[in-house]
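The primary structure of each chain is shown beneath.
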Amino acid sequence: MIDTKPSHSDTAVAKPTGDDFEVVPVRNYGRWIAAAVSVLALVGLIGSLAKNDNLHWDVVGRYLFADLIFDGLGTTLWLTAAAMALGLGLGTLIAVMRLSASPVLYGLATAFVWVFRGTPLLVQIIFWGYAAALYKYVKIGVPFTDITFFQAETNALLTPAIAALLALGLNEAAYASEIVRAGIQSVDTGQAEAAHSLGMRPALTMRRIVLPQAMRVIIPPMGNETINMLKMTALVSVISAHDLMSNIQDVYAQNYQVIPMLVVASLWYLALVTLLSVPQAWLERRYGRGTARAAQASPLQRMLGGATGLIARKNKETRR
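So, here's what we can say about the structure.

Check the secondary structure of the protein chain and you find 12 helices and two strands. Of the regular secondary structure in the protein chain, the N- to C-terminal order runs α-α-α-α-α-β-β-α-α-α-α-α-α-α. Nonlocal contacts in the protein chain, meaning residues at least 24 apart in sequence, comprise 72% of its contacts between residues at least 6 apart. With an accessible surface of roughly 21,400 Å², the protein chain has 63% of that area assigned to carbon and sulfur atoms.

A word on the environment of Leu-262. Along the chain, the position of Leu-262 falls in helix H11 (residues 258–287). Sequence-wise, Leu-262 and Met-245 are 17 residues apart; in three dimensions their C-alpha atoms are separated by 8.6 Å.

A word on the packing of helix H9 (residues 202–232) against H11. Interaxial distance between H9 and H11 falls to 10 Å at its minimum, and their mutual angle equals 180°. Taken together, the axis directions place H9 and H11 in an arrangement best described as roughly antiparallel. In contact with Pro-212, Met-215, Arg-216, Ile-219, Pro-220, Gly-223, Asn-224, Thr-226, Ile-227, Leu-230 and Lys-231 of H9, H11 contributes Tyr-269, Leu-272, Val-273, Leu-276, Ser-277, Gln-280, Leu-283, Glu-284 and Tyr-287. Class assignment of the residues belonging to the contact of H9 with H11 gives a composition of 12 nonpolar, five polar and three charged.

Moving on: the side chain of Ser-246. Along the polypeptide, Ser-246 turns up in helix H10 (residues 244–255). By relative accessible area, which is 4% here, Ser-246 ends up buried. Among the polar contacts listed, one links the side chain of Ser-246 to the side chain of Asp-243, at a separation of 2.4 Å.

We now examine H9. Taking 1.5 Å per residue as the helical rise, H9 with its 31 residues ought to reach 45 Å, whereas the 36 Å between its terminal C-alpha atoms falls clearly short. The sharpest bend along H9 comes to roughly 50°, located at Arg-216, with the proline Pro-220 sitting one to four residues further on. Within H9, the full set of buried residues consists of Thr-205, Val-210, Ala-214, Ile-218, Ile-219, Met-222, Gly-223, Glu-225, Ile-227, Met-229, Leu-230 and Met-232. Those residues of H9 hidden inside the fold are in contact with helix H3 (67–98), helix H5 (121–129), helix H7 (160–185), helix H8 (189–197) and H11.

For the structure on display, the rule yields five aromatic pairs. With centroids separated by 4.6 Å and ring planes inclined at 35°, the aromatic side chains of Phe-112 and Phe-116 adopt a geometry described as tilted. Remark: Phe-116 and Phe-112 occur in helix H4 (residues 103–118); sequence separation between them is four residues, near one turn of the helix. Cluster of aromatic residues (ring-pair linked, three or more members): Phe-65, Phe-70 and Trp-268.

Taken together, Ile-140, Val-142, Ile-147, Phe-149, Phe-150 and Leu-157 make up a surface patch of nonpolar side chains, about 560 Å² in accessible area. Relative to the helices and strands, Phe-149 resides in strand E2 (residues 148–153). The exposed category is assigned to Phe-149, whose relative accessible area is 62%.

Pairing of strand E1 (residues 137–141) with E2, which is carried by five bridges, proceeds in the antiparallel orientation. Its bridge partner being in E2, Val-138 is matched across the sheet by Ala-152. Once E1 ends, the chain turns through six residues before running back antiparallel as E2, passing Phe-144 with a positive phi of about 65°.

The next subject is the pattern of salt bridges. As enumerated under the stated definition, the model contains three salt bridges in all. The salt bridge partner of Arg-98 is Glu-178, with a shortest N-O separation of 2.5 Å. Placement of Arg-98 in helix H3 and of Glu-178 in helix H7 is noted, with a sequence separation of 80 residues between them. For the pair shown, Arg-98 and Glu-178 are each scored as buried. For Glu-178, the salt bridge is made with Arg-181, and the minimal N-O distance between the two is 2.7 Å. Of this pair, Glu-178 and Arg-181 both sit in helix H7, separated by three residues, roughly a single helical turn.

Reading guide: rules and limits
Residues numbered from 1 in each chain as written. Predicted model: local features only at pLDDT ≥ 70, side-chain atom pairs only at ≥ 80, totals over all residues. Heavy atoms only, no water. Helix = DSSP H or I, 4+ residues; strand = E, 2+ residues; numbered from the N terminus. Contact = heavy atoms within 4.5 Å. Areas by Shrake-Rupley, 256 points an atom, 1.4 Å probe, with all protein chains shown as cover. Axes fitted to C-alpha atoms, helices over the stretch in contact; angles between N-to-C directions. Parallel < 35°, antiparallel > 145°, perpendicular 65-115°, else oblique. Nonpolar A, V, L, I, M, F, W, Y, C, P; charged D, E, K, R; others polar. Buried < 20%, exposed > 50% of the residue type's maximum accessible area, 1.4 Å probe, protein only. Polar contact = N/O pair within 3.5 Å; in protein donor to acceptor, adjacent residues only side chain to side chain. Expected span 1.5 Å × (residues − 1). Bend = angle between axes of the 7 residues up to and from the residue. Phe/Tyr/Trp six-rings, centres within 6.5 Å; stacked < 30°, edge-to-face > 60°. Patch = residues over 30% accessible without salt bridge, like charges linked within 9 Å, V, L, I, M, F, W, Y side chains within 5 Å. Salt bridge = Lys/Arg side-chain N within 4 Å of Asp/Glu carboxyl O. Pairing = 2+ DSSP bridges.

Structure representation (structure tokens):
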């Protein structure tokens with residue numbers, strides 16, 4: 001009797017292809033509805049503001065590029081740059097002092113951070129603006145003697161701009177010191193130990209080895225501090241430092257157009273913050289090269305990866 005049943009070797013096994021599995025993304029209708037409602041609400045708000053006659057867009061256009069506004073912008077920009085430079089330089093020194101083994105340096109740095117981080121910035125600005133009520137003269141000399149090397153009236157020395165710079169810079173130094181300290185502590189201690197074994201002094205090790213590696217941790221929060229400093233300069237208007245907000249207040253105190261002038265200030269602050277975000281992003285990429293983590297897979301990528309793994313397992317089982 002002849003066996004007409006095909007042998008196992010003659011049987012053709014159909015291998016599944018990618019067309020046998022259709023990947024269908026999950027349709028999230030609630031997300032689309034929420035997005036549509038959000039867009040409609042935003043469009044409605046923009047349309048309402050554009051048609052609102054109480055905003056007086058003619059006043060906004062008249063003062064948006066006025067000379068008085070540009071004068072205030074100049075003061076705002078140099079206050080931001082100078083205060084950040086003072087805060088970063090002094091903050092780095094305070095951070096190193098807080099990491100020092102000397103209890104005196106550690107205590108002084110801790111007390112500085114405690115005072116300037118524990119009191120409101122507005123209080124500090126007013127304090128420096130009215131420092132003449134506490135000391136009529138600023139003197140530099142030998143303590144507890146009549147020997148004086150320098151003397152000047154406080155009102156003449158601490159102008160509103162200088163008082164604003166001191167308040168902003170010293171307050172920023174307290175926060176910058178904590179950011180720098182966190183960045184320094186993020187660097188492995190073996191880096192400093194290796195540098196010391198090569199004969200490098202602690203100051204050179206900090207400047208050439210530790211701080212460059214700590215910049216990866218320091219740059220992102222310090223960029224946010226710079227943007228925040230730009231906006232905090234508006235507080236110096238309480239001592240008439242002639243910044244952007246001070247000049248805006250001078251204008252609406254005369255024409256009583258408060259809301260339109262605040263729109264002018266908001267547009268300029270938004271523009272400046274947008275410009276500052278560009279170098280911040282570049283610096284983050286510059287100091288984050290080689291250390292960025294792999295991007296997390298999206299839900300669709302995870303789903304496709306799961307489908308690919310399923311196909312591979314099916315093929316493996318079929319070949320068996």
